[in-house]
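Observations on the three-dimensional arrangement
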Amino acid sequence: MTLITEFVISLFLIIGGIFALIGSLGMVRLRDTMQRMHAPTKATTLGVGGVLIASMLYFLLIEGVFSYREILIVLMLLVTAPITANFIAKVYIQGNVGNDDLPGTDAERGWAVYDEPPMG
Amino acid sequence: MNHWIIAPVILPALLAPLIAWLMRFDIVLARTFSVAGTIVLTAISIGLFIMAADGGVEAYRLGNWAPPFGIMLVLDRLSALMLLLTSVLALIVLIHVIATDWDKKGQHFHALFQFQLMGIYGAFLTGDAFNLFVFFEVLLIASYGLMLHGGGRVRLKAGLQYVVMNLAGSTLFLFALGTLYATTGTLNIADLAIKLRDIPLEDAALVRVAAMLLMIVFAIKAAIFPVQFWLVGTYANAPAPVAALFAIMTKVGAYSILRVYTISFGPDAAATGDMPGMWLFWGALVTTGIGAIGVLGSRRLMTMLSFSVIGSMGTLMLAVSAFTPESVVAALYYLLHSTFAAAALFLLADLVVTRRREGDVLRASPPIVQNGLFAVLFFAAAIGMAGMPPLSGFLGKLLVLETIRDMPFAMWGWAVVLIGSLLTIVGFVRAGSSLFWKSTATTEAPAEIASPAPKVPPHPADTLALAPVIVALAMLAMLSAFAHPVSGYLEDTAAQLFTPNGYLATIPETGEGVK
Amino acid sequence: MMTAALVFAFASFAIGLLVTLWRIIVGPDPADRILALDTMVINVIAMILLYGIWRGSHVYFEAALLIALVGFVSTVAYCRFILRGDIIE
Amino acid sequence: MDSGALLPILALVPFIGALFPALMIRAGRDACALMTGVATLLAFAMLMTMAPAVFRGEVLQAQIEWLPALGLSASFFLDGLGFLFAGMILGVGLLIILYARFYLSSDDPMGQFYTYLLLFQGAMLGIVTSDNVLLLLVFWELTSLSSFLLIGYWKHLPEGRQGARMALAVTGGGGLALIGGMLILGNIAGSYDLTVILTKGDEIRASEWYFPALILILLGAFTKSAQFPFHFWLPHAMAAPTPVSAYLHSATMVKAGVFLLARLWPVLAGTPEWFYIVATTGLITMVLGALIALFKDDLKALLAFSTVSHLGLLTMLLGLGTKFGVVAAVFHIINHLTFKAALFMSAGIVDHEAHTRDIKRLGGLRRLMPITTVIACLAALSMAGIPLLNGFLSKEMMLEAVSQTEWWENPLFVPVLATVGALLSVAYSFRFIFHTFFGPVRDDYPSKPHDPSFGMWAAPAFLVVLVIAIGLFSKATVGPLVAVAADAVYGGGKAPYYSLKIWHGVTPALWMSVIAVIGGIVLMVLHKPLAWVWNAVPRPEAKVIFEWLLDRIVRLCRAIAEATHNGSITRYLAIFAVGTVALGYIAWSGGGMTPATRDPLAVTPLAAIGWLLLVGATGYLVTIHHNRFRALIVISIIGLMVSAGFVYLSAPDLALTQISVETVTILLLLLALYFLPKETPRESPAWLRLRDGAIALISGGAVAALAYAFMLRDVSVISDFHLANSYKGGGGTNVVNVILVDFRGYDTYGEIIVLGIAGLTIFALMESLLRGKASARLRNWTFAPNTSLDRHPIMMVVATRFLFPIACLVGVYIFLRGHNEPGGGFVAGLVVSIALLMQYMASGFAWAQRKQTVEYHSMIGLGVIIAGLTGAGAWLAGRPFLTSAFGYVNLPPIEEFELATAALFDLGVFLAVLGAVMLTLYSLSRIARHAGETVNPRPMDYDPSRRMRSGQEGM
Amino acid sequence: MMLARLFPHPMLSLTLLLIWFALVNAVTVGHFLLGGFLGIVLPIITAPYWPGRPKLRSPFKLAAYVLMVIWDIVLANIDVAKIILFKKPEDVHSHWINVPLDLTSAEAITVLAGTITMTPGTISAMLSADARSILVHCLHTDDPDAVRDEIKSRYESRLKEIFP
Amino acid sequence: MEMIVASSVGILTAGGVYLLLRQRTFPVILGLALLSYAVNVFLFSSGRLAVGLPPVLNKYAETAYTDPLPQALVLTAIVISFGMTAVLVMIALGAYLESAEDGVNIDLKRPDIDDDEDEPTGPMSAP
Ligand code: NA
Ligand code: NA
């Protein structure tokens with residue numbers, strides 16, 4: 001294994017680790033729930049991304065197997081993270097933020113948690 | 001290899017899904033297939049019984065893997081006997097269910113019934129400890145369904161308790177099996193015996209724990225103190241025919257104890273020695289007493305019958321606890337007897353209780369149609385359960401007393417069994433008097449009480465409804481009349497258990513699997 | 001060097017796990033707890049992948065993929081329970 | 001031997017005969033009575049054919065194997081004693097059958113009566129002819145049962161029911177004691193055959209078990225024969241119809257105890273224990289019974305207590321332990337039978353005709369019913385022991401037998417008490433005569449009495465003829481019978497000197513007799529003041545005590561049963577846990593442990609972190625479990641950690657399965673929690689929580705110790721075979737999967753059936769819920785306010801549409817690779833289930849269900865059947881169930897691939913899992929919809945593309 | 001029509017094939033056939049749950065969009081990291097922002113919402129009931145309108161071209 | 001490592017037993033779930049512990065593998081306990097819907113049933 005290979009893999013591992021730490025720090029430091037949501041949805045996801053790239057590189061460069069299956073996990077996380085964030089935000093809003101505390105929608109209907117969808 | 005050995009498991013396992021899937025909207029079709037299936041199962045059981053009677057032990061290697069590496073079924077006298085007993089009981093119960101329309105009170109009765117049979121047959125046939133667990137679960141989960149059949153507040157609560165207790169029991173079963181595998185490296189019942197020979201007492205602490213935990217697991221099923229409490233609530237609130245079928249479920253526990261503590265942890269095993277028997281004795285003793293006390297103290301018929309089942313299990317296990325060939329004969333005879341006695345009582349109770357204004361509460365109620373007939377049947381069934389002559393309970397009780405004679409604390413056993421019998425007799429007499437005699441006295445219903453109408457219009461029970469009870473009672477009479485041939489078979493069965501060469505020979509010497 | 005990086009990554013995600021557990025315990029909002037659990041799942045996925053690198057084996061990939069799938073589903077279920085009560089309408 | 005062969009048939013005849021009256025009641029009452037009589041007559045005739053042999057001193061025997069394992073055989077023997085009793089049973093039986101035909105009213109179910117009577121007769125006959133003590137026990141208990149039926153015959157009378165129950169409780173209880181005694185006896189003797197036991201008298205009396213056996217046997221005998229303090233049941237049994245009283249309670253059943261004492265006399269008698277217990281009990285019973293009888297106003301009660309007294313007399317005679325006493329007892333048995341049966345029948349006639357048996361309301365009947373008067377008075381005089389009647393003879397013998405008896409070195413105690421007994425007997429007999437039949441004729445009888453028809457008085461008249469005949473010509477009439485019966489009791493040897501003549505000269509017995517008669521008459525004259533005193537003195541009433549005792553016992557039993565089985569599963573489980581740990585510890589401490597053989601694996605920081613999370617989550621869960629939703633979140637952590645642990649410890653399959661099962665479980669719990677309370681109230685007091693905590697810690701500690709102990713010790717395991725043969729013989733490299741679908745495929749087969757049953761059970765339960773009480777509750781369900789108004793959020797719906805096929809693809813992938821890599825049908829089934837669940841969460845059940853084409857019942861059925869048929873397919877190749885086959889297919893340009901029957905089996909697993917999970921879900925959702933939840937039937941709340949379309953239309 | 005029934009979602013079929021290759025970690029003839037088969041069969045089986053066929057005007061623009069977003073994600077994380085690491089919690093100024101939508105495809109709105117969540121300092125919290133507005137939470141900004149305008153110009157306009 | 005696994009089993013068991021002894025259905029179900037985790041790990045550990053030796057055969061190399069049999073047993077146990085739990089959840093729900101309370105205990109004493117003797121005789125009362 002060349003030094004370069006090892007260096008590249010290590011780099012991604014460390015990037016992943018750092019973002020994981022940042023995500024954790026955010027969960028600890030930020031004051032309210034909505035703020036805290038920003039940390040894991042982005043940082044931790046990227047942290048996993050770093051690990052995934054490291055993993056792919058590792059198997060490609062060291063084990064000599066090319067696989068992009070790890071991408072599936074990233075894909076999964078990328079697709080699902082916004083949905084879960086959306087749901088968790090709604091949980092928070094429903095429990096803590098009244099309709100009046102939110103900006104208006106500028107539309108016929110109010111926000112989804114507080115208003116029925118149009119019929120038809 | 002004789003493929004008939006697995007037929008009792010496969011047949012209901014194929015029939016049940018077909019009933020659940022294709023016949024779930026056609027009760028007549030479901031009934032027809034269920035009865036036909038059970039008759040065929042009975043025929044197969046008879047065939048296997050005859051096959052086993054010649055004394056051979058036949059192993060069926062599933063997947064064609066040699067034991068102990070694959071799972072094997074074992075047909076010997078004991079398993080054949082239990083199969084036959086189950087089949088006959090099942091047929092009796094099934095006819096009752098159909099005659100009383102119990103199967104219409106909920107969904108999937110017949111599918112669950114067949115699955116229930118499958119589980120019981122599987123448990124009796126298997127030669128593998130873990131597979132025994134699996135079939136315990138099959139028969140349990142089917143029994144949950146049957147127990148809850150028809151629904152209702154109290155039944156659901158009681159069912160909940162039944163399930164919780166058994167889940168706790170299943171957990172313990174797994175703990176026991178884990179310990180067993182960790183200490184012996186095998187799961188095959190025969191192989192366990194072979195492996196156990198190499199474990200001296202100095203290294204046996206862990207395997208002894210496994211043996212004890214298994215004992216407790218089986219004791220739950222067999223309703224032995226201190227894990228008998230669950231039975232009363234369950235049986236008393238189960239649909240009566242299901243409670244009748246459950247007469248075999250306690251016997252699964254008894255069977256497992258007999259099987260495992262004669263073959264695997266036999267009295268000759270240095271590691272466990274007489275530990276199982278010693279502890280079983282005291283548990284059984286208390287159980288017998290509790291059963292009798294409960295029978296006398298019950299206010300409800302179903303509760304009373306449940307306690308009588310507990311008492312009979314105590315007596316049975318007293319005999320088992322001696323772990324001698326003679327005591328096994330006594331135990332098996334009592335096992336056959338108590339199965340039919342309990343079934344007769346629960347089926348009869350069903351016919352009576354649904355016709356009484358007061359249900360199963362033991363207080364005076366206007367007389368029901370066929371009061372005299374029911375009284376006679378109850379008297380006979382009570383004689384059976386209480387162990388009075390001329391039915392088989394008396395002989396069974398004498399056998400039990402006789403075979404525990406040489407145990408260290410036999411006098412305690414005698415005292416409890418005999419005094420327990422007295423309490424049981426008095427309890428049944430009082431109950432019968434409330435159910436049938438007093439009702440005759442209060443012909444005119446107290447008009448001031450706006451009593452709810454009987455749940456079922458007081459129509460007379462037809463022949464089909466009475467037949468199962470009568471057949472069950474006839475089995476008691478036949479067990480008594482043909483005690484000689486029956487005990488002869490049982491003696492051979494016990495001998496097979498205590499000289500398990502045949503059973504152990506199912507494990508090939510070479511230890512090499514064939515395929 | 002790579003071993004050190006691996007240990008660092010392990011440690012980072014392990015700290016993440018502990019923080020999420022702490023967040024689940026202190027809350028205060030259900031949203032915090034669900035979020036923390038969701039994050040914990042992602043951290044576990046990362047650790048399984050790291051473990052795969054460490055052992056040089058692909059055997060653990062499916063576990064990670066499956067955890068990603070079920071993690072999503074259970075997070076949605078928890079949220080729907082709070083939002084609607086009935087998670088399937 | 002030839003005539004002995006008749007014995008079993010003899011014992012069977014009444015039982016077979018019992019079928020007739022029961023079955024042919026429609027043929028009429030006479031036919032019933034006739035058939036009963038024929039059966040009895042037949043038996044009697046058979047007995048008579050054996051008489052010559054018996055009188056020659058032969059012992060007839062017959063043996064049929066019944067339960068050799070127990071030593072129980074259907075062995076019968078007939079000697080003098082048995083012959084005497086059998087004759088009494090059948091002879092009196094005939095008379096009773098005749099009498100009852102006329103006595104019972106047309107309202108009484110006669111078929112039942114005769115059936116019970118014959119059952120009883122058979123049981124009695126069995127007792128006296130059994131040659132096996134266990135067989136004797138069978139018949140013994142049968143008499144208790146059949147007498148229960150007879151006493152309770154008039155079930156509309158509460159006294160009848162109570163009397164029957166009391167009789168059964170006392171005699172049945174005694175019977176159980178007798179069982180114990182007989183088993184001990186048989187053990188000492190080494191056989192349960194009476195003929196053998198009777199030869200082992202010395203061994204038995206020398207045995208250390210003699211005394212317990214004696215006590216138990218005496219309990220049986222004394223209860224049956226109504227000896228003090230068990231005498232109280234007999235008078236209450238008088239609620240039975242009079243024929244029953246006459247038959248059971250004077251002639252036969254109550255004598256069974258006396259029979260037993262006589263039967264076992266050779267082996268048990270002759271010891272001080274025997275003498276002091278038996279003779280004293282008999283003496284007390286004799287005096288006490290007579291005393292009570294004197295003050296009874298009810299004719300039947302008077303006779304009942306006199307019977308008690310006479311049974312005491314017989315017991316005392318046998319208790320003396322002398323051969324002469326035996327002869328006296330045997331003789332008195334015969335005499336008592338004749339006069340007492342006649343008396344009962346007479347009392348029955350009085351009752352039948354006057355509609356009362358209260359002495360106070362009777363008197364003067366001699367003019368109205370002269371025949372009855374003659375019969376009754378002769379019999380009563382015999383009972384009083386007046387010369388020329390048979391009672392006199394046996395009373396004289398009794399007095400003579402006791403006159404020389406010392407009791408604890410006191411020569412007077414027994415003779416004086418015996419005389420007192422005789423005196424009282426005279427008194428109540430005279431009272432019976434004078435207060436019933438003599439005195440002025442009254443005009444206030446409840447019914448105008450007159451003599452009954454011949455059929456009714458024939459039987460007592462016949463007995464009175466015997467009374468006189470025996471009294472006058474005792475030697476000629478019963479001499480040989482007494483001789484042969486007494487001989488049978490004391491077992492041969494030299495007979496004692498005795499004479500059955502009326503005049504023996506002036507002996508002490510004669511003086512005692514004279515005192516008795518005079519004293520008796522005096523007492524009778526003084527009856528009124530004495531009765532006043534008797535009634536004024538408080539005394540314990542046996543029946544009340546019995547009822548009170550029984551009531552207390554029942555209450556005690558109820559208290560115990562209901563306190564222990566109170567329906568608290570919590571307590572049951574606590575006992576279970578504690579018991580298991582305790583027994584496990586006991587088992588462990590009985591064996592040794594060798595030192596550990598494995599070095600522990602190193603603890604990595606990674607593992608430590610996982611452990612920390614697991615422990616933290618578990619602890620947190622226990623503390624906050626009251627908040628159910630939060631508890632579910634925490635459970636998730638635990639599941640996640642356990643799965644991660646499986647990954648770490650080389651069990652990828654377990655990790656996959658655990659995490660997917662855990663997810664589905666949580667979804668189900670969330671679905672259920674919707675309807676359940678969201679909080680668990682704190683209801684256990686602190687001490688209980690502390691106790692439970694202690695139980696929990698002990699259990700946990702025990703399990704941990706156990707696991708730790710075995711993990712550090714090696715053992716050779718069978719799975720080396722599986723590793724070696726997985727690829728070779730099973731065609732797969734994932735050994736876990738090959739074990740699941742091949743080596744132990746049978747387990748898996750059972751496992752999917754469990755799942756299938758679970759689905760069916762849940763479905764059935766849901767159906768019954770929707771039809772039961774729950775249905776109404778559900779319809780009135782109030783849904784929580786403040787729920788979010790978006791049901792099917794657009795983003796979720798769109799993401800799911802994309803993810804659902806992908807998840808299915810992953811499912812297929814996991815299924816196909818299972819044989820060689822982690823995965824398999826089960827996990828695949830769960831993955832697809834989860835995918836479907838995701839779909840349902842997104843667009844709602846109602847909409848998704850409409851799109852559903854395959855039915856879940858079918859899926860379960862199909863899965864189980866496919867798995868089963870795959871297994872059974874091996875039969876076609878002549879192989880056992882579940883034998884797998886696999887092969888490699890090479891079709892260029894496709895690379896070689898494997899086809900295995902195991903995959904088909906796994907498909908069954910897949911379908912069953914999917915079906916079961918979805919059926920469960922379906923059931924839960926149906927409950928929600930039944931609750932009237934408003935549903936948005938559209939797949940997404942609002943499809944924005946609609947807006948464009950409608951906008952275009954607007955334009 | 002026949003083709004539409006066979007390939008209800010052709011892009012999905014292709015995606016499934018690619019995913020299959022990824023899962024089995026091999027590209028062979030056998031797996032092409034198997035993956036292709038599954039790629040056809042699974043969309044047909046699951047078609048009832050995905051009614052309608054989303055119109056995708058330009059797959060290449062979508063790819064370009066995805067690459068842009070991935071790059072933005074990386075940048076976003078650095079931004080957020082800075083805020084978390086260096087800003088005092090009380091100096092973090094969060095805002096709710098209402099972003100009116102011109103998009104009319106559910107798929108497009110979803111992609112936009114996802115993009116918002118994954119990119120700088122914003123989380124899409126909720127749609128309006130008629131899907132005409134999106135509620136965005138911004139972690140730290142002093143000019144909410146600028147954030148709204150950037151979302152509309154940088155992402156929504158591109159998506160309008162991809163999803164008609 | 002053995003200590004870690006053993007203590008985990010112990011702690012899970014302890015938590016499970018404690019919750020099992022609560023008086024409402026929901027904690028009892030949670031308790032059984034914990035017990036199920038505990039016993040699964042216990043059963044798994046009966047094959048002894050190994051890191052990085054999954055029993056997936058490598059056709060080309062001679063390597064050691066951990067004991068696969070307990071893993072198979074645990075799989076079976078997991079599936080079965082899942083089925084059981086599902087049934088239990090449904091029963092608990094049903095019992096709650098039928099009776100409006102979610103306790104696990106029932107009062108078997110049924111105080112509504114009185115004694116019913118032939119004659120209500122007080123102790124020692126004269127007949
Ligand atoms: Na997620
Ligand atoms: Na963002």
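Please refer to the structure placed before this passage.
Here's a quick rundown of the structure.

What counts as what
- Residues numbered from 1 in each chain as written.
- Chains lettered and ligands numbered in written order.
- Predicted model: local features only at pLDDT ≥ 70, side-chain atom pairs only at ≥ 80, totals over all residues.
- Heavy atoms only, no water.
- Helix = DSSP H or I, 4+ residues; strand = E, 2+ residues; numbered from the N terminus.
- Buried < 20%, exposed > 50% of the residue type's maximum accessible area, 1.4 Å probe, protein only.
- Contact = heavy atoms within 4.5 Å.
- Areas by Shrake-Rupley, 256 points an atom, 1.4 Å probe, with all protein chains shown as cover.
- Expected span 1.5 Å × (residues − 1).
- Salt bridge = Lys/Arg side-chain N within 4 Å of Asp/Glu carboxyl O.
- Polar contact = N/O pair within 3.5 Å; in protein donor to acceptor, adjacent residues only side chain to side chain.
- Nonpolar A, V, L, I, M, F, W, Y, C, P; charged D, E, K, R; others polar.
- Pairing = 2+ DSSP bridges.
- Axes fitted to C-alpha atoms, helices over the stretch in contact; angles between N-to-C directions.
- Phe/Tyr/Trp six-rings, centres within 6.5 Å; stacked < 30°, edge-to-face > 60°.
- Lys NZ or Arg CZ within 6 Å of the ring centre and 35° of its normal.
- Buried area = accessible area lost by both parts, 1.4 Å probe.
- Parallel < 35°, antiparallel > 145°, perpendicular 65-115°, else oblique.
- Left-handed = near helix turned anticlockwise from the far one by under 90°.
- Core = buried A, V, L, I, M, F, W, Y, C linked by side-chain atoms within 4.5 Å.
- Patch = residues over 30% accessible without salt bridge, like charges linked within 9 Å, V, L, I, M, F, W, Y side chains within 5 Å.
- 1 Å grid on protein atoms, 1.4 Å probe; cavity = no way out; pocket = protein on both sides within 12 Å on 5 of 7 lines; lining within 4 Å.
- Points joined across faces, edges and corners; volume = space filled by probe spheres on them.

1. Examining the overall build of chain F
Scanning chain F from terminus to terminus reveals three helices and zero strands. Per-residue burial for chain F yields a buried fraction of 72% across its 127 residues. When contacts within chain F are restricted to residue pairs at least 6 apart in sequence, long-range pairs at least 24 apart make up 53% of them. Accessible surface computed for chain F: about 3,600 Å², of which carbon and sulfur atoms make up 57%.

2. What about helix H2 (residues 27-53) of chain B?
The end-to-end C-alpha distance of H2(B) is 38 Å, a good match for the 39 Å that 27 residues give at a rise of 1.5 Å each. Among the residues trailing H2(B), B:Gly55 stands out with phi positive, at a value near 100 degrees.

3. Examining the interface of chain C and chain A
Counting residues at the interface gives 49 residues for chain C and 47 residues for chain A. Close ionic contact of C:Asp32 with A:Arg36 constitutes a salt bridge, the shortest N to O distance being 2.9 Å. On the surface where chain C and chain A come into contact, there are eight residue pairs in polar contact (both at pLDDT 80 or more). Among the secondary structure elements, those contributing two or more residues to the side of chain C that touches chain A are helix H1 (2-26), helix H2 (30-55) and helix H3 (61-84) of chain C. The biggest single contributor to the side of chain C that touches chain A is H2(C), with 16 residues. Here the side of chain C that touches chain A is built from residues that sort into 32 nonpolar, 11 polar and six charged.

4. So, the sheet that holds strand S1 (residues 95-100) of chain E
Residue and element names in this part refer to chain E. Strand order in the open sheet made by the three strands is S1-S3-S2, with antiparallel pairing throughout. Of all strands in the sheet, those bounded by a partner on one side alone are S1 and strand S2 (122-127). Across the sheet, the axes of successive neighbouring strands diverge by a mean angle of 30 degrees, strand direction being ignored. As paired elements, S2 and strand S3 (residues 133-138) share five bridges and run antiparallel to each other. Following the sheet pairing, Leu 127 is matched in S3 by Ile 134.

5. Notes on the packing of aromatic side chains
Given two aromatic rings, one states the distance between the centres and the angle between the planes to describe the pair. Taken as a whole, this structure holds 72 aromatic pairs over all chains when the rule is applied. Measuring from ring centre to ring centre gives 6.1 Å for B:Phe378 and B:Phe428, while their planes differ by 55 degrees; the resulting arrangement is tilted. In this pair, B:Phe378 sits in helix H15 (residues 371-386) while B:Phe428 sits in helix H17 (residues 410-441), placing the two residues 50 residues apart along the sequence. Cluster of aromatic residues (ring-pair linked, three or more members): B:Tyr144, B:Tyr162, B:Trp230, B:Tyr235, B:Phe246 and B:Phe346. Residue placement shows C:Arg55 over the ring face of C:Trp54; its charged tip is 5.3 Å from the ring centre. Taking the ring centre of F:Tyr18 as reference, the NZ or CZ of F:Arg22 above it sits at 4.2 Å.

6. With respect to the interface of chain B and chain D
Between chain B and chain D, the contact holds 131 residues from the first and 113 residues from the second. Summing both partners gives a buried area of about 10,600 Å² for chain B against chain D, and 76% of it is carried by carbon and sulfur. Summed over the shared surface of chain B and chain D, the result is three salt bridges. In this structure, D:Arg744 engages B:Asp128 in a salt bridge whose closest nitrogen and oxygen atoms are separated by 2.6 Å. In this assembly, chain B and chain D are joined by 30 residue pairs in polar contact (both at pLDDT 80 or more). With 15 residues, H17(B) is the largest single contributor of residues to the side of chain B that touches chain D. Grouping the amino acids of the side of chain B that touches chain D by side-chain chemistry returns 82 nonpolar, 30 polar and 19 charged.

7. Brief notes about the arrangement of the chains
In this assembly, 10 pairs of chains are in contact, and the pair contributing the most contacts is chains B and D. If you take every C-alpha in chain B and every C-alpha in chain E, the smallest gap between them is 23 Å, and the two do not touch. One finds no contact linking chain E with chain F; the least C-alpha distance across the pair is 16 Å.

8. Section: unusual backbone geometry
Excluding glycine, residues mostly carry a negative phi; peptide bonds, for their part, are mostly trans. All names here are of chain B. Cis geometry is found at the peptide bond from Pro 67 to Pro 68, where omega equals 5 degrees. Its identity as a non-glycine residue notwithstanding, His 108 has a phi of 65 degrees, on the positive side. Turning to its location among the elements, His 108 is positioned in the loop between helix H3 (77-99) and helix H4 (109-125).

9. Looking at the pattern of salt bridges
For the coordinates displayed, the defined rule picks out 45 salt bridges over all chains. In this structure, B:Asp76 engages B:Arg259 in a salt bridge whose closest nitrogen and oxygen atoms are separated by 2.7 Å. You can see B:Asp76 sitting in the loop between strand S2 (72-75) and H3 and its partner B:Arg259 sitting in helix H11 (residues 247-264), a full 183 residues away along the chain. Across the pair, B:Arg259 and B:Asp76 agree in class, each one buried. Note that E:Lys152 is salt-bridged to E:Asp102, the shortest N-O span being 3.5 Å. Taken together, the positions of E:Lys152 in helix H6 (residues 144-162) and E:Asp102 in the loop between S1 and helix H5 (106-118) put the pair 50 residues apart, joining distant regions of the chain. In the salt-bridge network here, residues are joined through shared partners; they are A:Arg69, C:Glu62, D:Arg817 and D:Glu821.

10. Topic: the packing of helix H38 (residues 856-876) of chain D against helix H39 (residues 901-930) of chain D
Between two packed helices, the angle of one axis relative to the other and the distance separating the axes together describe the packing. All names here are of chain D. Where H38 meets H39, the closest approach of the two axes is 7 Å, and the angle between their N-to-C directions is 155 degrees. Classified by the angle between their axes, H38 and H39 sit roughly antiparallel to one another. Remark: the crossing between H38 and H39 carries left-handed chirality. Split by residue class, the contact of H38 with H39 holds 17 nonpolar, six polar and no charged.

11. Thoughts on the nonpolar core
Among the nonpolar cores identified, the biggest contains 805 residues, and D:Trp233, D:Tyr746 and D:Tyr749 are the most heavily contacted of them. When near neighbours in sequence (up to four residues on either side) are disregarded, D:Tyr746 contacts B:Ile6, B:Val9, B:Leu62, B:Ile71, B:Leu73, B:Gly122, B:Asn131, B:Phe135, D:Phe881 and D:Leu882.

12. A closer look at the environment of B:Leu180
Residue and element names in this part refer to chain B. For Leu 180, the location among the structural elements is in helix H6 (residues 153-184). Taking relative accessible area as the criterion, Leu 180 reaches 0% and is therefore assigned buried. The spacing of Leu 180 and Leu 192 is 12 residues in sequence and 8.8 Å in space, taken between C-alpha atoms. The residues contacting Leu 180, other than those within four sequence positions of it, are Ala 129, Gly 185, Thr 186, Leu 192, Ala 210, Leu 214 and Phe 265.

13. Looking at the environment of E:Gly30
Looking at the secondary structure, you find E:Gly30 in helix H3 (residues 29-46). Taking relative accessible area as the criterion, E:Gly30 reaches 11% and is therefore assigned buried. Through-space distance from the C-alpha of E:Gly30 to that of E:Arg53 is 30 Å; in sequence the pair is 23 residues apart. Sequence-distant contacts of E:Gly30, defined by excluding residues within four places in its chain, comprise D:Ile894 and D:Glu895.

14. Remarks on a nonpolar patch on the surface
Residue and element names in this part refer to chain D. There is a patch of nonpolar side chains on the surface, built from Trp 503, Val 506, Trp 511, Val 514, Ile 518, Ile 521, Val 522, Val 525, Leu 526 and Leu 530 and spanning about 970 Å² of accessible area. The element that contributes the greatest number of residues to the nonpolar patch is helix H23 (residues 508-525), accounting for six residues. With respect to the secondary-structure elements, Val 525 resides in helix H23.

15. Some points on empty space enclosed by the protein
The method is simple in principle: a probe with the dimensions of a water molecule rolls over the atoms, and the space it marks as empty is what remains. Roughly 460 Å³ of internal volume is contained in the largest cavity. Forming the walls of the largest cavity are 27 residues, and the residues nearest its centre are D:Gly610, D:Met641, D:Ala644, D:Gly645 and D:Tyr648. Listing elements by their share of the lining of the largest cavity, those giving two or more residues are H1 and H2 of chain C, helix H27 (605-624) and helix H28 (628-648) of chain D together with helix H1 (2-20) and helix H2 (25-45) of chain F. A per-element tally of the lining of the largest cavity places H28(D) first, with seven residues.

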